[in-house]
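# Reading the structure
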Amino acid sequence: MTKTTTNQPDGQEKIGVYVCHCGSNIAGMVDVQQVAQWAGSRLKDRGVVVARDYKFMCSSLGQELIEKDIKELGLTRVVVAACSPHLHEKTFRTACERAGLNPFLCELVSIREQVSWVHTDKVVATQKSQAVVSGGVERVLHHEPLEPLTVPIHPDTLIVGGGIAGIQAALEIADAGYHVFIVEREPSIGGHMAQFDKTFPTLDCAACILTPKMVQAGTHPNITLLTWSEVEKVEGYVGNFDVTIRKKARKVNVEKCTGCGICQEKCPKKIIDDVYEAGLGYRKAIYTPFPQAVPKYPVLDVKNCIFFEKGTCKACQKFCPTDAIDFEQQDEILNVKVGNIILATGYDLFDARKVTNYGYGRLANVFTSIEMERLTNAAGPTNGQIVLRDGKTVPKAVGIIHCVGSRDRNFNNYCSVICCMQSLKFAHLVHERTGATVYNFYIDMRTPFKDYDEFYQRVLEESTLFVRGKVAEVTDAARLPGEEGKLIIQVEDTLAGKQRRIPVDMVILSTGLEPRRDSREVGKLFGISCSANGWFTEKHPKLDPVATMTEGIYIAGCAQGPKDIPASVAQGAAAAARVLGKIQQKEMALEPVRASVIEEKCSGCRICNNLCPFNAIFFHEDRMVTEINPALCQGCGTCVAACPAGAITGTGFSNEQVLAQIDGLLLLNVGDEPIPV
Amino acid sequence: MSDVFEPVIVGFTCNWCSYRAADLAGTARMKYAPNIRLIRLMCSGRLDPTFVFKALANGADGVMITGCHPGECHYLEQNYKALRRFHLMRRTLKGLGVEPERVKLVWASAAEGAKFASEVTAFVEEIRALGPLHWGKALGNGSTPNVAEEAVGKEKMEVAA
C-alpha cells in the first residue's frame, strides 16, 4: 500500500460541507442541523471551514450558497450530503465549476436513498449520516482536479441489422447528410416485417408500407448497403470505431447483375425455405428471398448448389444474359471507420416445439404465428389462402393460443408484447377470409397504445369467441362424439369456471419473441451487456432507452426487448437522433475516470495485461512497461486493484480516496469518540 | 440497544448495478438495517483486497461486496475477477484466524432493490451472531496493521499466479 503525500490535510485545504433537507425527505429522518454542526466542529481539524444545512441544496438558491462560499471563503473542496450521486452529482459539480472550482473537487454523498429513506430510527440515521459525511470529507481531501478527455467523432455510422428499426435509423441519418453503412446478414434488408401480410391495428399491408422505405434505403446516396455480410471485429471507442466486416461471397457479380431473375427460374434445385417462407414454401439454390428484395441481386447458396455438390450444372451461368454468375467469387473483408454504431439486430421466434403439449411439429395442423403470416400473405406459398397443411382444406373452426413461450415460467417470464394484437389480427383475417369460427385462448388481453383496444372491440363484434384460460393440451385423441378427425383444445375456462374441450380444425400458436440466439456473442463483440434473458441492456430503462453503457453504441427495435412496429420505428429514429447529436458535436468529452500507469513503478510483470476487456492495456516490449490508452479505458479499475506494485492509479477512485473514505466511514478521523450506532 | 451488539459493516457497491439497487431500495422506501455504510466503486473488479482488510482492521465487523450478476457486468466480465478475489480473501482471512463469513459477496442488479435490502439485513444478523471482530482494537486502532498488509501482499501473489 502506497501512501501519497499529495493533498494530505495540511491546513491548506478548506472544505465546505452542505447538508440538504430535501424538504422533509431527509430532514424527516435525519437531524440535518446536528449533522452540519457536528461536521463543523468535529471535522474542523480535517479542514472543514464551513458546514451548512439548507432546505433544497439542488435549488438555484442552494447552489448559489455553495458558489458564494467558494468565492468568499476560498473553499478548495466541497462535500454535499444529499441524494444519490446518480441524480445530482452533475448539478453540484457544475455549481462548483461556475464558482471557479474544478468540478472534480466536489463529492456528493447520499444520505437520502442510502439513509433517510431506508432507516426508521432518527438517532441512528443521524449517526450514520455523520459517518457518511465524514467518509466524504476524508475522500474529498484526496480528490484531484481533472480535465475531461475529448475525442473527435467520425461522421460515419454503422447500423447492424436491416429490419424496420435499422432502416428507419439509416434513413434519418442519411437524410441529415451523413454516411451510413447498413450490415445485414440475410441477402435482403426488410427483416421480419417483410414476411408479414397485414399490420395491426390499421391492417395496412406490410409490404406496401415497408418496400418504399427499403427502396429508399437501397438507393440513398448516403447509404452503403452491405447485405449478406456480418461484422467480424470491432475495435476502438466512441467516435473512432474500426469495424471489420465480412462480405460473404454472393457468387454473383453485382456490377453486371440486373436482377432479372432468370437464374432463379432456371436453377433446377428446389430447397425448403426455412427463413423467409418459414418452411412452408420453396426457394432455389440461387435466390432472392422475395421479389421486392433490396438489393435485387440474388445470392447463391453454396451448400445446396448442385455445381458445388457434384461439379456440374452451372444452369444459372449458362442462362445469365449478362454473365454475372461468378463461381470463383470469394468472401471480401472490408474495414470501415465509423463514429457511432446502432445495433438493430431484431429477435428470433420462440421454438414452439418446446411446448410439447401443444403438439407443434407432431400435429400437422398446428401452425406458428410466422407460418400464419406466410399463409395469409398474398405473396405467400398459398397466395393468401388460409388452408390446412394439406394445402386445400379450408378450416371451419380455428383456435388461436396466446402466450406460447411467453409469460410462462417454464420458458420465458416476460410478455412478448405483440402476441395479443397479432392474435386478434389473425382472428380477424381468418374470420374475413374463411368465415370459420375463431376461438382466442388468452391469459390476459393486453391491448394498450393508440387504436389497439378499438381493434379488440372490433374483433369482439365480429363474433370471435374469447376463452380466458391457459390451454393445457392440444390433442388429436378423440374422446367425445364430434371430436373425430379434429384437434381438441383442452382448456380451463377460468371465467366460466369449468374445463372445456373445444374441437377445431386448425390451431395457431402465437409464439413469443426471444433474443437472437447469438445476442450474447454480438453483445460481447460490441462491448455491451445483455439482460438475464439476453436482450441488450439500455443505459436507463426509462430515461435513456436507446443508449447503452458503452459510449457510441446504441440499440433500437426488438434487440432491446419485444416491441411492435411503431415502437421499433420510434426507437430507430431515436437512436438516429442520438447519433446525429454526437456527430454535430464533432468532438465529445469523456468522463475522466481512467486508469493510468506510473511508469517508474511498473515492473513489467504483465499481470494487468490480460485483465482488460476493452483492450486498453498495451505492453511496450522494448521498455518492458505497460501503458493504458485513456480513450479505450472505461475506468472499471480492475487493473488498479490487481497491480501488485501499486503502479496503476485510477482517477476518481484512487486507492488513497477509497482508503481515506473507509477511515472516514469508520470515524477514525474524529479521534477517540466511540463508533456510534 | 446497549445489550445488543450492533455491528459496523462497510459495503462496497459497483456504480452500475448494486449502487443503483441501493438507490432503488431508497426510492421504494424499503427498510433495512442501518449498520451498513456504503462506498461506491466503478466496478466490483475495482475492489482491491487491501480495502477489505483495511476496513476489517480499522473497526468494521464485516464487509459486504456487491456487484452485477455474472454475465451482466457493465464492464463485461470484471465481476468474475471480483469473485476470484473474494474466494482468495476468504481463504486468507481463515488463515489469519478470522471467520471468513465476515466477508460476503452479493450479486444485485439495478432492479433488485428488494434483494439488496434483504441481503443487508440478513448479513447484519449473520455478523451479529458472529460477534464483534475487535481486530482493530487488538492491533491498535487507527494504524494499518502489518498483518493485513502481509496478507494482502501474499494474496496478490496468489492472484498473480
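Residues numbered from 1 in each chain as written. Chains lettered and ligands numbered in written order. Predicted model: local features only at pLDDT ≥ 70, side-chain atom pairs only at ≥ 80, totals over all residues.

### Remarks on the overall build of chain A
Rule in force here: The helix and strand labels rest on DSSP assignments: H or I over at least four residues marks a helix, E over at least two residues marks a strand, and numbering proceeds from the N terminus. C-beta atoms are placed from the backbone for every residue, and two residues are taken to be in contact when these atoms lie within 7 Å.
Along its length, chain A carries 17 helices and 34 strands. Expressed along its principal axes, the backbone C-alpha trace of chain A runs to roughly 90 × 70 × 45 Å. Restricting to contacts in chain A with at least 6 residues of sequence separation, those with at least 24 account for 70%.

### Looking at the overall build of chain B
Put simply, the rule reads: Residue burial is a threshold on neighbouring C-beta atoms within 10 Å of the residue's own C-beta, all placed from the backbone, with 20 or more meaning buried, 12 or fewer meaning exposed, and counts in between meaning partly exposed.
Scanning chain B from terminus to terminus reveals 6 helices and 4 strands. Relative to its full complement of 161 residues, chain B shows a buried share of 60%.

### Let's talk about the sheet that holds strand S21 (residues 397–404) of chain A
Residues and elements named next belong to chain A. What counts is decided by this rule: Paired strands are those between which DSSP finds at least two bridges. Axis definition: a line fit to C-alpha positions, over the contact stretch in the case of helices; interaxial angles, taken between N-to-C directions, run 0 to 180 degrees.
One open sheet accounts for 5 strands, arranged S20-S27-S21-S22-S23; its pairing is parallel. A single partner strand is all that each edge strand has here, and the edge strands are strand S20 (366–368) and strand S23 (465–468). Averaged over all adjacent pairs, the angle separating strand axes in this sheet is 20°, with direction ignored. In this sheet, strand S27 (residues 506–511) lies alongside S21 in parallel orientation, the contact comprising 5 bridges.

### Concerning the packing of helix H1 (residues 18–27) of chain B against helix H4 (residues 113–130) of chain B
All names here are of chain B. Operational definition: Between 65 and 115 degrees an angle is taken as roughly perpendicular, under 35 as roughly parallel, over 145 as roughly antiparallel, and anywhere else as oblique. Three classes are used: nonpolar for Ala, Val, Leu, Ile, Met, Phe, Trp, Tyr, Cys and Pro, charged for Asp, Glu, Lys and Arg, and polar for all others, with Gly counted as polar.
Put simply, H1 and H4 touch, their axes get as near as 7 Å, and they point 90° apart. Put simply, H1 runs roughly perpendicular to H4. Contacts between H1 and H4 involve Ser 18, Ala 21, Ala 22, Leu 24 and Ala 25 on the former and, on the latter, Gly 113, Lys 115, Phe 116 and Ala 117. Here the residues of the contact of H1 with H4 are counted per class, giving 6 nonpolar, 2 polar and 1 charged.

### Thoughts on the interface of chain A and chain B
Counting residues at the interface gives 48 residues for chain A, matched by 49 residues for chain B. Of all the elements in the fold, those that place two or more residues in the side of chain A that touches chain B are helix H4 (112–116), helix H5 (122–140), helix H16 (638–642) and helix H17 (655–665) of chain A. Looking at the side of chain A that touches chain B element by element, the count peaks at 7 residues for H17 of chain A. Within the side of chain A that touches chain B, the residues separate by chemical class into 27 nonpolar, 15 polar and 6 charged.

### Details of H4 of chain B
All names here are of chain B. Convention followed: By this rule the span expected of a helix is its residue count minus one, scaled by 1.5 Å. Here, the arc refers to the directions that run from the helix axis to the C-beta atoms.
Counted at 1.5 Å a residue, the expected span for H4 with its 18 residues is 26 Å, and the 26 Å between its end C-alpha atoms agrees. Those residues of H4 that fall on the buried side of the exposure criterion are Gly 113, Phe 116, Ala 117, Glu 119, Val 120, Phe 123, Val 124 and Ile 127. Each buried residue of H4 lies within a common arc of 165° when the element is viewed along its axis, so the set occupies one face.

### Details of unusual backbone geometry
All names here are of chain A. In this chain, Phe 200 is followed by Pro 201 through a cis amide linkage whose omega measures -5°. Along the chain, Pro 201 falls in the loop between strand S8 (198–199) and strand S9 (204–205). Between Val 294 and Pro 295 the backbone carries a cis peptide bond, its omega angle lying at 0°. With respect to the helices and strands, the residue Pro 295 is situated in the loop between strand S15 (286–287) and strand S16 (299–300). A positive phi is found at Cys 313, a non-glycine position, where the angle reads about 130°. For Cys 313, the position within the fold is in the loop between helix H9 (306–310) and helix H10 (315–319). Phi angles above zero are rare outside glycine, and Cys 403 is one such case at about 55°. Structurally, Cys 403 is set in strand S21.

### Things to note about the nonpolar core
A general trend in soluble globular proteins is that nonpolar side chains are found buried together. Condition: Put simply, a nonpolar core is a cluster of buried Ala, Val, Leu, Ile, Met, Phe, Trp, Tyr and Cys residues tied together by C-beta atoms within 7 Å.
Counting residues in hydrophobic clusters, the biggest one holds 127 residues, and the most contacted among them are Val 17, Cys 20, Val 79, Val 80 and Ala 81 of chain A together with Ile 9 and Val 63 of chain B. Broken down by element, this core gets its largest block of residues, 7 residues, from H5 of chain A. Excluding its chain neighbours within four sequence positions, the residues that come into contact with Cys 20 of chain A are Ile 26, Tyr 54, Phe 56, Met 57, Val 80, Ala 81 and Ala 82 of chain A.

### As for the sheet that holds strand S29 (residues 553–555) of chain A
In a beta sheet, neighbouring strands pair by backbone hydrogen bonds and run either parallel or antiparallel. Residues and elements named next belong to chain A. Ordered in space as S10-S7-S6-S18-S29, the 5 strands form an open sheet in which the pairing is parallel. Among the strands making up the open sheet, the edge pair consists of strand S10 (223–226) and S29. For this sheet the average axis-to-axis angle between neighbouring strands, irrespective of direction, equals 20°. In this structure, strand S6 (residues 157–160) lies alongside strand S18 (residues 340–343), joined through 4 bridges in parallel fashion. Note that in S18 the partner of Val 160 across the bridge is Leu 343. Contacts from helix H15 (residues 565–585) reach S6, S18 and S29, with the element oriented near 175° to S18.

### So, the environment of Gly 384 of chain A
All names here are of chain A. Counting through the fold element by element, Gly 384 comes out in the loop between helix H11 (369–376) and S21. Measuring from C-alpha to C-alpha, the distance between Gly 384 and Arg 433 comes to 9.1 Å, with 49 residues separating the pair along the chain. Other than its neighbours up to four places away in sequence, Gly 384 contacts Thr 376, Asn 377 and Ala 378.

### A closer look at the pairing of strand S3 (residues 77–82) of chain A
All names here are of chain A. Heads up, the condition is: Whether a crossover is right-handed comes down to one check: with the strands pointing away from the viewer, does the path from the first strand over the helix to the second run clockwise; if it does, it is right-handed.
By the criterion of burial, S3 is predominantly enclosed, with 6 of the 6 residues buried. Alternating residues of S3 divide into Arg 77, Val 79 and Ala 81 and Val 78, Val 80 and Ala 82, and every residue in both groups is buried. Where strand S1 (residues 15–20) and S3 come together, 5 bridges link them in parallel fashion. Its bridge partner being in S3, Ile 15 is matched across the sheet by Arg 77. As defined by bridge partners, S3 adjoins strand S4 (residues 106–110) across 5 bridges and the pair is classed as parallel. Pairing of Ala 82 across the sheet is with Ser 110, part of S4. With helix H3 (residues 85–98) bridging S3 and its parallel neighbour S4, the resulting β-α-β unit is right-handed.

### Here's the deal with the confidence of the model for chain A
Going by this rule: Residue-level confidence of the predictor is summarised by pLDDT, bounded by 0 at the bottom and 100 at the top.
The predicted model of chain A averages 92 in pLDDT, with 97% of residues at 70 or higher. Of the regions scoring below 50 in pLDDT, residues 1–8 of chain A engages in 9 contacts with residues more than four places distant in sequence or in other chains.

### Looking at the pairing of S4 of chain A
Successive side chains on a regular strand alternate, one facing one side of the sheet and the next facing the other. Of all 5 residues in S4 of chain A, 5 are buried; the element is thus mostly enclosed. Burial along S4 of chain A is two-sided: Cys 106, Leu 108 and Ser 110 of chain A facing one way and Glu 107 and Val 109 of chain A facing the other are all buried.

### What to know about the environment of Thr 382 of chain A
Residues and elements named next belong to chain A. Relative to the elements of secondary structure, Thr 382 occurs in the loop between H11 and S21. Residue classification places Thr 382 among the partly exposed residues on the basis of 16 C-beta atoms within 10 Å. In sequence terms Thr 382 and Glu 72 are 310 residues apart; their C-alpha atoms lie 82 Å from each other. Apart from the residues within four sequence positions on either side, Thr 382 is in contact with Leu 375, Val 387 and Gly 391.

### Considering the packing of H5 of chain A against H17 of chain A
Residues and elements named next belong to chain A. The criterion, for reference: It is the rotation of the near helix from the far one that decides the hand of a crossing: anticlockwise by less than a right angle makes it left-handed, clockwise makes it right-handed.
Two elements in contact, H5 and H17, have axes whose closest approach is 7 Å; the angle formed by their N-to-C orientations is 150°. Considering the angle they form, H5 stands roughly antiparallel to H17. Classified by chirality, the crossing of H17 by H5 is right-handed. Side by side, H5 and H17 meet where Ala 131, Val 132, Ser 134, Gly 135, Gly 136, Val 137, Glu 138 and Arg 139 of the first sit next to Gln 657, Ala 660, Gln 661, Asp 663, Gly 664 and Leu 665 of the second. Partitioning the contact of H5 with H17 into residue classes produces 5 nonpolar, 6 polar and 3 charged.

### Considerations on the environment of Val 438 of chain A
Residue and element names in this part refer to chain A. By the element assignment, Val 438 lies in strand S22 (residues 437–442). Here Val 438 falls in the buried class, since 28 other C-beta atoms lie within 10 Å of it. Measuring from C-alpha to C-alpha, the distance between Val 438 and Glu 184 comes to 38 Å, with 254 residues separating the pair along the chain. When residues no more than four places from it in sequence are discounted, the contact partners of Val 438 are Val 398, Ile 400, Ala 427, Val 430, His 431, Thr 464 and Leu 465.

### Brief notes about the confidence of the model for chain B
Residue and element names in this part refer to chain B. Here chain B shows a mean pLDDT of 85. Residues at 70 or above account for 83%. Every residue in residues 141–146 scores below 50 in pLDDT, and together they form 9 contacts with partners more than four places removed in sequence or on other chains. Of the two predicted TM-score estimates for the complex, the pTM is 0.76 and the ipTM is 0.88.

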